[in-house]
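Chain by chain, the residues:
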Amino acid sequence: MSGPRSLAWAIIGRPLVRWSPHAAYGLRRTVLRAFGARVAGSVKIRRSVHIDRPWNLELGDLAIVGDGAYLLAREPLSIGARAVVSQLVVLATEALGRREGPERAAVRIEDDAWVAADALVLPGSVVGRGAVVGARAVVGGEIPAWRVAVGRPAAARGTRSFASTGGGDAA
């Protein structure tokens, strides 16, 4: 992490996010936008989230990123509308191999997806629309839309569906 932009983020941006009041989501959105992140209006990002390169980050409307998550965005990293990234999740666009150099590729979490606590999403991975990644899973590829994936490596084990309520209010 070098260069004036990275230095400014480390000295100004990251501390402003980290030391912001608990419910200051608007302030955190503003700081991220000032450093080049594309952040929709109602994003909730917790102050303990670690972001290394906000200029490669895109967050859709109503996205939520939980406490202690790591967004390692050397390459583009996008989190879709209404998606949830739970606490302690690592979204990594760069990983070091045992023998080769670093692997770098974009990561995409699509709309309505949920990455549960302490999961790891590796470079080049896509979590499809509405998919769920179980707690502590390791994603190293594509999780199809509306599927539930668990394990190491994560594999789709079920389908996520919603019952129709007939258009009325829930009782």
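Higher on the page you've got the structure.
Described below are features of the structure shown in this document. It should be emphasised that the depicted structure is a prediction, and the values quoted were computed from it without experimental measurement.

### Brief notes about the sheet that holds strand 15 (residues 126–127)
Logical step 1: Strand order in this open sheet of six strands is 1-4-7-12-15-18, and the pairing throughout is parallel. Sheet topology places strand 1 (38–39) and strand 18 (142–143) at the edges, where each strand pairs with a single neighbour.
Logical step 2: Inspection of the sheet shows strand 12 (residues 107–109) paired to strand 15 by two bridges, in the parallel sense. Following the sheet pairing, Arg108 is matched in strand 15 by Val126.

### A look at the pattern of salt bridges
Logical step 1: A complete count under the given rule lists eight salt bridges for this structure.
Logical step 2: When salt bridges that share partners are traced, they join Arg74, Glu94 and Arg104 into one network.

### Concerning the environment of Trp55
Logical step 1: Tracing the sequence through the fold places Trp55 in the loop between strand 3 (50–51) and strand 4 (57–59).
Logical step 2: Sequence separation between Trp55 and Ala149 is 94 residues; the distance between their C-alpha atoms is 29 Å.
Logical step 3: Not counting residues within four places of it along the chain, the set of residues in contact with Trp55 comprises Arg5, Ser6, Trp9, Phe35, Gly36, Ala37 and Arg38.

### Quick look at helix 1 (residues 4–18)
Logical step 1: With 15 residues, helix 1 ought to run about 21 Å at 1.5 Å a step, and its terminal C-alpha atoms sit 20 Å apart, in line with that.
Logical step 2: A maximum bend of about 40° is found in helix 1 at Ala10.
Logical step 3: Three or more residues of helix 1 are buried, namely Ser6, Trp9, Gly13, Pro15 and Val17.

### Some remarks on the sheet that holds strand 20 (residues 155–159)
Logical step 1: Strands sit in the order 2-5-8-13-16-19-20 across an open sheet of seven strands; the sheet is mixed. Two strands lie at the open edges of the sheet, namely strand 2 (44–45) and strand 20, each paired on one side alone.

### Considering the environment of Gly80
Logical step 1: The topology assignment puts Gly80 in the loop between strand 7 (77–79) and strand 8 (84–85).
Logical step 2: Using a relative accessible area of 11% as the deciding quantity, one classes Gly80 as buried.
Logical step 3: With 43 residues separating them along the chain, Gly80 and Ala37 place their C-alpha atoms 14 Å apart.
Logical step 4: In this structure, Gly80 is in contact with Gly60, Ala63, Ile109, Glu110 and Asp111, ignoring residues within four places of it in sequence.

### With respect to the pairing of strand 19 (residues 147–150)
Logical step 1: Where strand 16 (residues 132–133) lies against strand 19, two bridges are found, and the strand directions are parallel. When the bridges of strand 19 are listed, Val133 appears paired with Ala149.
Logical step 2: Summarising the sheet, strand 19 and strand 20 pair through four bridges and their orientation is antiparallel. Each bridged residue has a counterpart across the sheet, and for Arg147 the counterpart in strand 20 is Thr159.
Logical step 3: The hairpin turn running from strand 19 into strand 20, its antiparallel successor, is four residues long, and Gly151 in that turn takes a positive phi close to 105°.

Rules used in this analysis
Residues numbered from 1 in each chain as written. Predicted model: local features only at pLDDT ≥ 70, side-chain atom pairs only at ≥ 80, totals over all residues. Heavy atoms only, no water. Pairing = 2+ DSSP bridges. Helix = DSSP H or I, 4+ residues; strand = E, 2+ residues; numbered from the N terminus. Salt bridge = Lys/Arg side-chain N within 4 Å of Asp/Glu carboxyl O. Contact = heavy atoms within 4.5 Å. Expected span 1.5 Å × (residues − 1). Bend = angle between axes of the 7 residues up to and from the residue. Buried < 20%, exposed > 50% of the residue type's maximum accessible area, 1.4 Å probe, protein only.

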